[in-house]
Number of protein chains: 4
Amino acid sequence: MIRRYSDKKVDGNWALKHKYLLWQEIELAVIKVRCERSTFPADVWSKISLILKNCEIDVEEIKRIEEITKHDLNAFIEERKSHLPEELRKYVHFMMTSYDTEEAPFSLMLLDSVKDAVTACDDLILLLWEMAFKFRYTPMLGRTHGQEAKLQSFGLRILHWCRSLDYARYQLQSATTGIRFSKLSGAIGNYQGVTPEEEKEVLKSIGLEPFVGASQIIPRIVHQPLANALVMIVGALTQIAEDVRIAARSGMPIMQEFFDKGQMGSSAMPHKKNTITCENQIGMWRMAKGFADMLRDCILTWEERAIEQSSVERVAWPDLFHVVMQSFKNMTRILEKLQVFPDNMMLEIYYSHGCYASEDAKELLKEFGLIDDAYKIVQLAAAIVHEPCKVLKDYRLAKKDGEEEHKYPMIEEANMLGRCHKDLCQTICEVIYTGALYPIEALGHSQETVDEWNRKLQNIFADPEKLERWHNIFSIAYQLRNEDFIFNTYK
Amino acid sequence: MIRRYSDKKVDGNWALKHKYLLWQEIELAVIKVRCERSTFPADVWSKISLILKNCEIDVEEIKRIEEITKHDLNAFIEERKSHLPEELRKYVHFMMTSYDTEEAPFSLMLLDSVKDAVTACDDLILLLWEMAFKFRYTPMLGRTHGQEAKLQSFGLRILHWCRSLDYARYQLQSATTGIRFSKLSGAIGNYQGVTPEEEKEVLKSIGLEPFVGASQIIPRIVHQPLANALVMIVGALTQIAEDVRIAARSGMPIMQEFFDKGQMGSSAMPHKKNTITCENQIGMWRMAKGFADMLRDCILTWEERAIEQSSVERVAWPDLFHVVMQSFKNMTRILEKLQVFPDNMMLEIYYSHGCYASEDAKELLKEFGLIDDAYKIVQLAAAIVHEPCKVLKDYRLAKKDGEEEHKYPMIEEANMLGRCHKDLCQTICEVIYTGALYPIEALGHSQETVDEWNRKLQNIFADPEKLERWHNIFSIAYQLRNEDFIFNTYK
Amino acid sequence: MIRRYSDKKVDGNWALKHKYLLWQEIELAVIKVRCERSTFPADVWSKISLILKNCEIDVEEIKRIEEITKHDLNAFIEERKSHLPEELRKYVHFMMTSYDTEEAPFSLMLLDSVKDAVTACDDLILLLWEMAFKFRYTPMLGRTHGQEAKLQSFGLRILHWCRSLDYARYQLQSATTGIRFSKLSGAIGNYQGVTPEEEKEVLKSIGLEPFVGASQIIPRIVHQPLANALVMIVGALTQIAEDVRIAARSGMPIMQEFFDKGQMGSSAMPHKKNTITCENQIGMWRMAKGFADMLRDCILTWEERAIEQSSVERVAWPDLFHVVMQSFKNMTRILEKLQVFPDNMMLEIYYSHGCYASEDAKELLKEFGLIDDAYKIVQLAAAIVHEPCKVLKDYRLAKKDGEEEHKYPMIEEANMLGRCHKDLCQTICEVIYTGALYPIEALGHSQETVDEWNRKLQNIFADPEKLERWHNIFSIAYQLRNEDFIFNTYK
Amino acid sequence: MIRRYSDKKVDGNWALKHKYLLWQEIELAVIKVRCERSTFPADVWSKISLILKNCEIDVEEIKRIEEITKHDLNAFIEERKSHLPEELRKYVHFMMTSYDTEEAPFSLMLLDSVKDAVTACDDLILLLWEMAFKFRYTPMLGRTHGQEAKLQSFGLRILHWCRSLDYARYQLQSATTGIRFSKLSGAIGNYQGVTPEEEKEVLKSIGLEPFVGASQIIPRIVHQPLANALVMIVGALTQIAEDVRIAARSGMPIMQEFFDKGQMGSSAMPHKKNTITCENQIGMWRMAKGFADMLRDCILTWEERAIEQSSVERVAWPDLFHVVMQSFKNMTRILEKLQVFPDNMMLEIYYSHGCYASEDAKELLKEFGLIDDAYKIVQLAAAIVHEPCKVLKDYRLAKKDGEEEHKYPMIEEANMLGRCHKDLCQTICEVIYTGALYPIEALGHSQETVDEWNRKLQNIFADPEKLERWHNIFSIAYQLRNEDFIFNTYK
């Protein structure tokens with residue numbers, strides 16, 4: 001992974017040197033178990049262990065040998081053996097195949113990288129919970145299909161994010177059980193070298209268990225749930241980024257990424273506050289999928305194994321972890337200092353003209369007797385309150401004659417329009433209870449039908465009790481009345 | 001493909017019956033060429049042809065035979081032969097392998113489906129051109145990172161869409177050349193049955209050319225550019241859908257999908273006008289990629305061929321074409337009746353408070369002598385004009401004491417906010433030329449610095465000529481002055 | 001999915017009619033719970049239920065209404081309501097959003113399809129276990145990198161297959177827990193219609209639980225583990241197909257797909273027994289990945305939901321299940337009637353010239369004192385026994401002069417070569433204990449070195465006890481001595 | 001990309017320093033054009049150019065600035081400007097947006113990396129041509145479905161490889177035309193800064209052309225054909241690796257990767273010659289697809305652009321090129337020193353028992369009058385010649401009683417089998433012309449039928465002319481008679 005998106009811990013964990021240290025750990029563990037079980041003389045382990053641990057692994061020397069042997073494990077063994085006296089050499093890697101040494105370290109590296117991811121995940125989940133509770137009474141317009149739907153709290157939006165991440169977190173945890181397995185069962189997995197008992201003890205000493213029924217390697221299907229869970233983690237984080245990014249659109253941003261002092265939005269445009277971290281996160285999502293796909297193809301190999309998976313695993317696992325950690329950094333950066341604008345959330349509610357309560361309105365009208373027409377009445381009212389400014393329409397019609405004058409409109413027109421926009425303040429609440437409906441072409445109702453509706457509505461709302469109930473459904477508290485249940489379930 | 005998203009022409013083109021007809025066409029073409037070249041007696045072709053063309057292909061009978069032989073081409077041959085007298089049978093499929101019969105029809109089916117896609121594409125490109133020219137003088141806010149950037153015409157936005165589609169269209173055209181090849185060179189491609197001369201003539205008779213160097217099949221790499229180009233087509237269309245969908249977000253929609261009379265947005269919420277066709281298109285994009293990936297894996301086979309690709313091609317090619325045609329239907333539906341709201345485009349400009357000209361403002365201030373401070377001044381002005389409503393801030397501060405009263409805010413607060421919002425009308429144009437800057441915490445300038453800036457600005461704009469130039473850069477015509485070039489280039 | 005690869009149960013499960021029945025089930029369950037909780041009059045449920053259950057759902061009528069409303073759930077509700085008397089209509093879909101009705105049926109459809117997959121999987125795992133035990137004493141050459149490695153039983157190969165499938169099966173089981181959740185919490189998930197209590201009871205009545213914290217829909221991340229597990233299942237099955245296919249290569253096939261009476265291998269070549277089912281399975285693998293990728297993209301949506309996922313889910317879920325079921329059919333077909341050739345397995349061992357014991361040979365030579373040279377001696381012996389036929393080399397050298405005569409070699413040359421091949425029968429066992437090594441150019445040892453080795457070897461094996469131990473390591477029983485452990489672990 | 005698989009030229013080409021140099025090149029080119037067109041004073045360019053070119057770009061300083069501004073292009077500009085006197089600074093990046101500077105260098109980097117790939121490709125294609133011609137008269141068994149099909153030359157196999165690579169090479173060439181475009185048309189693409197004329201001249205000076213109709217960036221669809229072509233290149237190379245790997249399977253390898261002196265196959269098994277480079281290539285294929293998928297997702301962005309594509313492009317483009325170059329290295333290594341075993345190719349022909357001519361045999365028998373039975377007779381003969389050793393079958397049957405003695409078979413059994421195998425030498429040629437058919441259970445023919453066939457065959461082949469024609473079809477020269485056409489077409 002390029003420096004810009006790489007994580008130091010992941011780098012350290014997947015560094016050659018670290019891998020070689022883990023390989024040495026396995027080689028020594030095998031020798032130790034064999035000494036304990038009297039396969040080897042009792043003092044062999046302490047002698048070898050003392051020498052090797054005190055003799056730094058020479059990565060460049062291994063590289064040099066590998067250029068000749070084209071075999072990295074053999075090169076490593078040769079380098080290690082070169083430090084031992086003749087009589088001890090034979091105990092190293094005795095009756096073992098390369099992947100007896102390599103598989104367990106690979107699992108350990110995966111487990112270590114997962115551990116960091118889990119820690120970062122737990123921190124972010126905690127942050128999300130806190131944010132959810134903090135904003136549980138901050139109303140905003142819930143949106144489906146990008147359209148104003150109903151009212152909810154911003155806390156609930158955050159809770160959605162949190163629950164998805166939580167779910168991915170659970171999958172990640174489950175996936176680690178699969179990689180707690182390893183093998184030392186030889187070149188084709190039938191224990192011609194290391195015995196089942198030795199394997200069990202060696203693996204136990206490093207916290208793993210045998211995968212009985214392995215071939216030369218553990219079947220790569222075993223690592224799939226981990227790769228998939230990591231993609232899910234990135235997916236859950238990217239969902240947050242996507243939502244923040246939409247919310248930050250200029251016009252009426254309800255959130256924004258924090259903008260550092262000194263940060264520049266654009267080299268050309270000084271006013272820009274771009275959602276670059278969110279967008280970077282989208283990039284991480286695209287990468288996570290790609291790396292996971294590479295790993296998925298590694299399920300298949302030939303017979304007792306071929307080594308197609310090796311190159312992929314050297315690249316895609318660490319890079320997938322880099323992407324995961326970068327994703328956590330992105331989202332922590334975004335969320336910790338998230339700029340939230342409750343006023344603009346309220347303004348969005350204002351500009352929804354009461355439509356957030358359209359379902360309640362429809363049902364209440366039904367209750368008040370307008371069973372067949374309720375849907376249509378509310379739909380018409382919604383269309384009316386969203387109608388483009390009539391004043392301007394007239395202006396435009398008038399202007400048509402002079403059109404040739406100016407190819408482009410004058411900026412003053414925007415100002416005039418702005419002022420028109422500010423005159424709009426009708427809500428479906430008012431339009432309906434005052435019986436102020438009028439036909440709109442797109443909906444195709446006749447004037448008579450609409451007149452009839454208006455009459456009925458005026459009759460209904462002459463009753464003050466009905467009017468009070470009507471007003472009540474438009475209140476924020478009423479709209480969010482059942483949210484406490486959701487938050488209490490998770491307290 | 002399920003009925004909901006399937007295209008009749010694609011269905012017809014990939015139907016078994018149609019495939020069998022094309023197989024028969026090849027078998028007959030081979031016989032004809034062999035008659036012409038005197039390999040077969042001269043009258044064999046006319047006899048066989050007469051019988052087979054008059055004898056409908058029995059798809060169910062072929063299926064029945066295939067259940068025994070597990071070989072569809074053999075079953076087809078058997079069914080066809082059964083209608084011929086004994087002495088003519090031996091001329092059918094003589095010294096041919098299955099894929100001598102199957103490859104050319106496969107190419108023909110691809111070519112036919114491409115043809116429909118190209119027609120749909122050309123229609124849509126034309127529509128986009130027309131729309132681009134229609135809206136070339138309709139100003140809107142160009143957005144980068146979702147943020148207000150600069151002014152452009154809506155026509156230019158459409159031109160962007162069009163150019164991407166145009167590019168994909170060109171790739172599609174190029175890709176068809178690759179599939180104008182086929183082969184009849186036998187089981188391993190070295191002409192042990194059909195001769196090179198026969199192959200050439202047969203293919204010529206159906207508009208194809210030999211791919212010399214084929215194995216039993218044409219290498220599947222040859223079809224890759226087509227699959228890729230189709231994905232690009234879907235990608236270009238999905239880009240439009242994504243942009244329309246963003247533009248249709250409620251609040252201040254600048255476009256909307258057409259909403260049919262009778263169409264329902266939501267079963268619950270009568271006011272909803274959901275961008276369901278755009279969103280369907282996102283689904284098509286996801287599917288197109290998946291089908292293309294299936295086909296990409298078919299580049300690899302074993303030696304002179306194995307048949308892994310067959311099942312994939314039976315499913316993924318027609319389904320990819322269905323997805324392409326559904327994409328065209330989606331986007332034609334959206335674009336033909338696209339609801340465009342130029343007033344709201346103007347309102348977006350109004351609410352950008354002049355920031356669209358921030359780069360020009362910065363450069364003009366530099367020209368007027370504020371070389372080092374121009375960026376910062378404009379950035380500060382932009383922050384000032386976007387500040388949340390001050391009136392409301394005070395209200396909120398005052399309210400804090402009574403907070404316990406209401407868990408949720410009252411809806412009246414939204415109304416008050418709405419009214420506040422309407423009082424805002426400052427632009428960076430005014431704030432700067434009047435020297436009305438004040439420090440904003442996030443940007444960290446001192447009061448002294450800002451005062452100094454204000455003084456300088458007031459001095460500068462005391463000069464009426466400078467003021468006129470200043471006003472000019474905020475005009476729409478100035479901002480869009482170079483767009484004519486772009487449109488003229490494509491006239 | 002095309003008929004050729006579709007599964008009847010999957011088709012039935014995902015048919016429109018079946019989906020509508022499940023929708024009705026939810027609508028009725030909501031009414032029932034509301035009656036029980038006295039939200040609705042007590043007899044409403046029995047009345048509505050009686051009418052609707054006796055009144056078949058008219059799929060075509062729903063389609064007709066949908067063409068107008070562009071909303072399938074609304075169309076369904078309208079069709080259902082049309083059978084009810086006026087006064088009962090209002091109770092149907094009261095204060096519910098479409099996805100309150102749709103989500104639970106979707107989970108039920110997934111669960112039903114999983115159930116069939118699990119049954120098929122269990123059957124196949126059982127079959128594999130039985131085969132593994134049946135062949136636990138049938139020796140074969142284990143291969144890594146396609147190369148002869150060591151001996152194992154064919155039972156162990158089957159056990160590898162089985163263990164991977166078993167692992168995938170476990171993942172599938174785990175994944176189903178995630179889809180036992182659903183929601184009826186309204187258009188944005190905050191219970192403005194159905195209450196939390198109602199939701200809980202409704203879901204309980206159909207075996208599901210609430211996913212508290214859902215938006216309009218359950219986050220699609222919840223379905224990811226299922227899609228991933230299905231891909232893993234297909235992957236585990238494809239691994240078997242890949243191994244069978246390799247094993248069936250002509251020359252010395254050790255297994256073959258069963259070839260039905262009447263089945264034809266090739267229309268051109270009557271001798272062909274093609275591994276078409278294995279290859280079809282490779283195609284299924286390619287498709288499974290593609291469908292899963294489509295579904296993975298559905299993790300992301302906007303805010304409280306958009307409907308991009310709907311089209312994908314309508315296509316990719318059933319098609320993924322079709323692919324899974326076709327995979328089970330493929331592998332059941334292949335495995336149930338698998339042609340196993342233990343004789344050819346023995347022949348492969350014969351033609352490995354003893355190399356299967358090369359590691360033991362190396363270690364025994366070390367024990368016998370050839371510590372540094374053991375690896376090289378065995379490597380040289382292996383090269384010697386695999387040397388191309390010397391007789392023919394001479395023939396070829398001699399022939400070179402007459403080369404122009406025949407462009408291509410005569411078939412008699414193949415016959416002569418065949419006879420040569422049959423004269424080869426050396427094993428590394430003999431070559432080494434008789435000290436019959438000679439230098440081979442590629443390995444670069446000098447004549448002196450090799451002579452020295454031969455001398456040493458002859459000395460060593462003059463000892464009859466050492467010779468007996470030497471012979472013993474080449475026995476099959478010795479090579480497979482630890483396999484019982486593996487089988488016993490799973491008994 | 002990790003060091004193990006990275007290419008030095010690709011690394012150099014995508015290094016930050018190199019990118020900054022290219023950025024500087026564009027900035028200077030813009031200044032130059034503006035001087036030439038008198039937008040800037042005439043001497044500005046020579047002054048700035050002299051200073052900047054002599055003042056090394058400080059990558060670490062840029063990194064330091066970027067940490068504050070979070071904007072790499074701005075940081076670069078700031079670093080560069082710092083070396084200029086006050087009065088020259090304003091000319092740098094005047095009225096330009098970041099991507100006016102970045103887009104063209106990006107295209108140049110792609111073009112440079114493509115150039116290296118094309119060179120490597122041309123070399124490999126040449127090598128393949130040479131190999132194809134070298135082996136054009138070396139016969140081998142063509143295989144379909146892994147099964148012996150017909151005879152071909154090894155040269156033809158190589159030609160298949162070559163033709164696929166050639167096709168991919170052609171696609172790569174075509175794809176470069178798309179990236180010869182760039183833009184300097186400002187933040188939203190409508191030339192508010194750089195003019196169309198300036199853009200044209202700047203791009204011309206570096207060998208590119210304007211993409212009129214770009215937004216802030218060139219639409220990423222433009223780079224798709226390049227990514228796709230690179231994947232095709234890797235696919236074509238991987239096809240070769242897959243075929244070599246299959247061919248190298250021990251038993252009767254017909255090719256092998258070259259094995260260096262000193263190279264070790266396995267740490268455990270000294271006899272192993274593993275196809276590790278081929279398998280590495282499979283890994284490259286998996287990676288290439290993953291990187292291309294990441295890039296494909298970048299087709300979509302929002303409106304005039306967002307920056308999701310940036311992180312992906314920083315990683316996936318160079319890594320895709322690394323994978324491409326590693327693929328060329330892999331395949332060059334494999335092919336340049338490919339070990340080819342023509343003797344084993346002949347042995348494969350020998351062990352096919354004449355089945356390679358089964359189609360000719362079938363057709364000749366038809367010509368000799370056995371119209372309906374020809375297919376069945378040849379199929380039966382093929383089954384007979386491939387029957388497992390009868391001697392051993394008897395041995396096995398006899399052994400059954402003593403089975404308990406030995407759990408595993410004795411190795412001697414393999415030896416006996418080997419000797420049996422060597423007694424087999426029948427071909428379908430002989431079995432048929434001598435009328436030596438006998439019923440085989442799997443095919444289900446009655447003794448009477450087969451007797452009748454034998455009688456007919458003996459009658460037919462009593463005619464010496466027919467016998468000669470019969471023998472002729474089994475000759476290699478006859479089988480490969482039309483291959484010259486293929487090679488001549490490409491000479």
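What you see is a predicted model, and the numbers here were worked out from it, not measured in a lab. (Residues numbered from 1 in each chain as written. Chains lettered and ligands numbered in written order. Predicted model: local features only at pLDDT ≥ 70, side-chain atom pairs only at ≥ 80, totals over all residues.)

Caption draft 1: Layout of the overall build of chain A. In terms of helices and strands, chain A carries 22 helices and six strands. Scaling as 2.2 N^0.38, a compact globule of 491 residues should have a C-alpha radius of gyration of about 23 Å, whereas chain A reaches 33 Å, well beyond that. For chain A, with 491 residues in total, the buried portion stands at 59%. Considering only intrachain contacts with a sequence separation of at least 6, the fraction spanning at least 24 residues in chain A is 75%. (Helix = DSSP H or I, 4+ residues; strand = E, 2+ residues; numbered from the N terminus. Rg over C-alpha atoms; globule rule 2.2 N^0.38 Å. Buried ≥ 20, exposed ≤ 12 C-beta atoms within 10 Å, placed from the backbone. Contact = placed C-beta atoms within 7 Å.)

Caption draft 2: Fine view of the confidence of the model for chain A. Overall, the prediction assigns chain A a mean pLDDT of 92, with 93% of residues at 70 or greater. Reported confidence for the predicted complex is 0.94 by ipTM and 0.96 by pTM. (pLDDT = per-residue confidence, 0-100.)

Caption draft 3: Seen up close, the relation of the copies chain B and chain D. The transform that puts chain B on chain D rotates by 180° and translates by 0.0 Å along the axis, for an RMSD of 0.1 Å. What the superposition gives is, in effect, a two-fold axis relating one chain to the other. By C-alpha distance to the rotation axis, the residue of chain B lying nearest is Asn228(B), at 3.5 Å. Comparing interface residues between copies, 100% of those in chain B also lie at the interface in chain D; the contact surface is shared. (Least-squares fit on C-alpha atoms with pLDDT ≥ 70 in both.)

Caption draft 4: Focus on the domain arrangement of chain A. All names here are of chain A. Per the domain assignment, the segments of chain A are domain 1 (1-94), domain 2 (105-256 + 273-340) and domain 3 (348-490). One C-alpha centre belongs to domain 1, the other to domain 2; they are set 30 Å apart. Between domain 1 and domain 2, the residue contacts involve 18 residues of the former and 19 residues of the latter. At the level of secondary structure, the elements contributing two or more residues to the side of domain 1 that touches domain 2 comprise helix 1 (8-13) and helix 2 (16-36). Broken down by element, the side of domain 1 that touches domain 2 gets its largest block of residues, nine residues, from helix 2. Each residue belonging to the side of domain 1 that touches domain 2 can be placed in one class, and the counts come to 10 nonpolar, two polar and six charged. (Domains from an automatic or database assignment. Nonpolar A, V, L, I, M, F, W, Y, C, P; charged D, E, K, R; others polar.)

Caption draft 5: Highlighting the interface of chain B and chain D. Across the contact, 65 residues belong to chain B and 65 residues belong to chain D. Elements with a minimum of two residues in the side of chain B that touches chain D: strand 1 (139-144), strand 2 (147-153), helix 8 (154-178), helix 10 (224-247), helix 11 (276-296), helix 14 (358-367) and helix 22 (483-490) of chain B. The element best represented in the side of chain B that touches chain D is helix 10 of chain B, accounting for 11 residues. Here the side of chain B that touches chain D is composed, by residue class, of 27 nonpolar, 23 polar and 15 charged.

Caption draft 6: Focus on the environment of Leu338(B). Residue and element names in this part refer to chain B. For leucine 338, the location among the structural elements is in the loop between helix 12 (308-336) and strand 6 (339-340). In this structure leucine 338 comes out as partly exposed when scored by C-beta crowding, with 19 C-beta atoms within 10 Å. A C-alpha to C-alpha distance of 5.7 Å links leucine 338 and phenylalanine 258, two positions 80 residues apart in sequence. When near neighbours in sequence (up to four residues on either side) are disregarded, leucine 338 contacts Met255 and Phe258.

Caption draft 7: Spotlight on helix 12 (residues 308-336) of chain A. Residues and elements named next belong to chain A. Relative to the 42 Å expected for 29 residues at 1.5 Å per residue, helix 12 spans 42 Å between its end C-alpha atoms, a close match to the ideal helical length. Of all the bends found along helix 12, the most pronounced is centred on arginine 314 and spans about 30°, while proline 318, a proline, follows it within four residues. Burial runs high along helix 12: 23 of the 29 residues are buried. (Expected span 1.5 Å × (residues − 1). Bend = angle between axes of the 7 residues up to and from the residue.)

Caption draft 8: Quick peek at the interface of chain B and chain C. On the chain C side, the residues contacting the 48 residues of chain B number 48 residues. Going through the elements one at a time, helix 4 (59-69), helix 5 (72-81), helix 11 and helix 12 of chain B are the ones with two or more residues in the side of chain B that touches chain C. With 13 residues, helix 11 of chain B is the largest single contributor of residues to the side of chain B that touches chain C. In terms of residue class, the side of chain B that touches chain C is built from 22 nonpolar, 16 polar and 10 charged.

Caption draft 9: Region of the structure containing the relation of the copies chain B and chain C. If you rotate chain B by 180° and push it 0.0 Å along the axis, it lands on chain C with an RMSD of 0.0 Å. Comparing interface residues between copies, 100% of those in chain B also sit at the interface in chain C, which points to an isologous, same-surface contact.

Caption draft 10: Representation of the nonpolar core in the model. Within the largest apolar cluster, 629 residues are counted, with the highest numbers of intra-cluster contacts made by Ile233(A), Ile233(B), Ile233(C) and Ile233(D). Every residue in contact with Ile233(B), bar those within four places of it in the chain, is listed here: Ala117(B), Cys121(B), Ala168(B), Leu172(B) and Val324(B). (Core = buried A, V, L, I, M, F, W, Y, C linked by C-beta atoms within 7 Å.)

Caption draft 11: Quick look at the pairing of strand 1 of chain B. Residue and element names in this part refer to chain B. With six of its six residues buried, strand 1 lies for the most part within the structure. Bridge analysis of strand 1 against strand 2 gives five bridges, and the strand direction is antiparallel. The residue of strand 2 that forms the bridge with threonine 144 is glutamine 147. Remark: two residues form the turn of the hairpin made by strand 1 and strand 2, two consecutive strands paired antiparallel; histidine 145 in that turn has positive phi of roughly 55°. (Pairing = 2+ DSSP bridges.)

Caption draft 12: Main features of the environment of Ala361(D). All names here are of chain D. With respect to the helices and strands, alanine 361 occurs in helix 14 (residues 358-367). By the C-beta count within 10 Å, which is 27 here, alanine 361 ends up buried. As a C-alpha pair, alanine 361 and cysteine 429 span 68 residues in sequence and 8.1 Å in three-dimensional space. Residues within four places of alanine 361 in sequence aside, it is in contact with Val378, Ile428, Ile432 and Ile473.

Caption draft 13: The environment of Gly444(D), seen in detail. All names here are of chain D. In this structure, glycine 444 sits in the loop between helix 18 (428-433) and helix 19 (447-461). Looking at glycine 444, the number of C-beta atoms within 10 Å reads 10, which means it is exposed. It is 79 Å that separates the C-alpha atoms of glycine 444 and valine 202, two residues lying 242 residues apart in sequence.

Caption draft 14: Quick look at the packing of helix 10 (residues 224-247) of chain C against helix 11 (residues 276-296) of chain C. Residues and elements named next belong to chain C. Here helix 10 crosses helix 11 at 160°, and the two axes come no closer than 9 Å. On the basis of their axis angle, the class for helix 10 and helix 11 is roughly antiparallel. With respect to the hand of their crossing, helix 10 and helix 11 are arranged in left-handed fashion. Contact residues: helix 10 offers Gln224, Ala227, Asn228, Leu230, Val231, Val234, Gly235, Leu237, Thr238, Ala241, Val244 and Arg245, while helix 11 offers Cys278, Glu279, Gln281, Ile282, Met284, Trp285, Ala288, Lys289, Ala292, Leu295 and Arg296. (Axes fitted to C-alpha atoms, helices over the stretch in contact; angles between N-to-C directions. Parallel < 35°, antiparallel > 145°, perpendicular 65-115°, else oblique. Left-handed = near helix turned anticlockwise from the far one by under 90°.)

Caption draft 15: Up close: the packing of helix 14 of chain B against helix 15 (residues 374-386) of chain B. Residue and element names in this part refer to chain B. For the pair helix 14 and helix 15, interaxial distance at closest approach is 8 Å and the crossing angle is 140°. Judged by the inter-axis angle, helix 14 sits oblique to helix 15. Note that helix 14 runs across helix 15; the crossing there is right-handed. Together, Ser358, Ala361, Lys362, Leu365 and Lys366 of helix 14 and Ala374, Tyr375, Ile377, Val378 and Ala382 of helix 15 make up the contact between the two elements. Class assignment of the residues belonging to the contact of helix 14 with helix 15 gives a composition of seven nonpolar, one polar and two charged.

Caption draft 16: Inspection of unusual backbone geometry at higher detail. Residue and element names in this part refer to chain A. A positive phi angle is found at lysine 70, which is not glycine, with a value near 55°. Note that lysine 70 resides in the loop between helix 4 (59-69) and helix 5 (72-81). Classification of lysine 70 by C-beta neighbours within 10 Å gives partly exposed; the count is 17.

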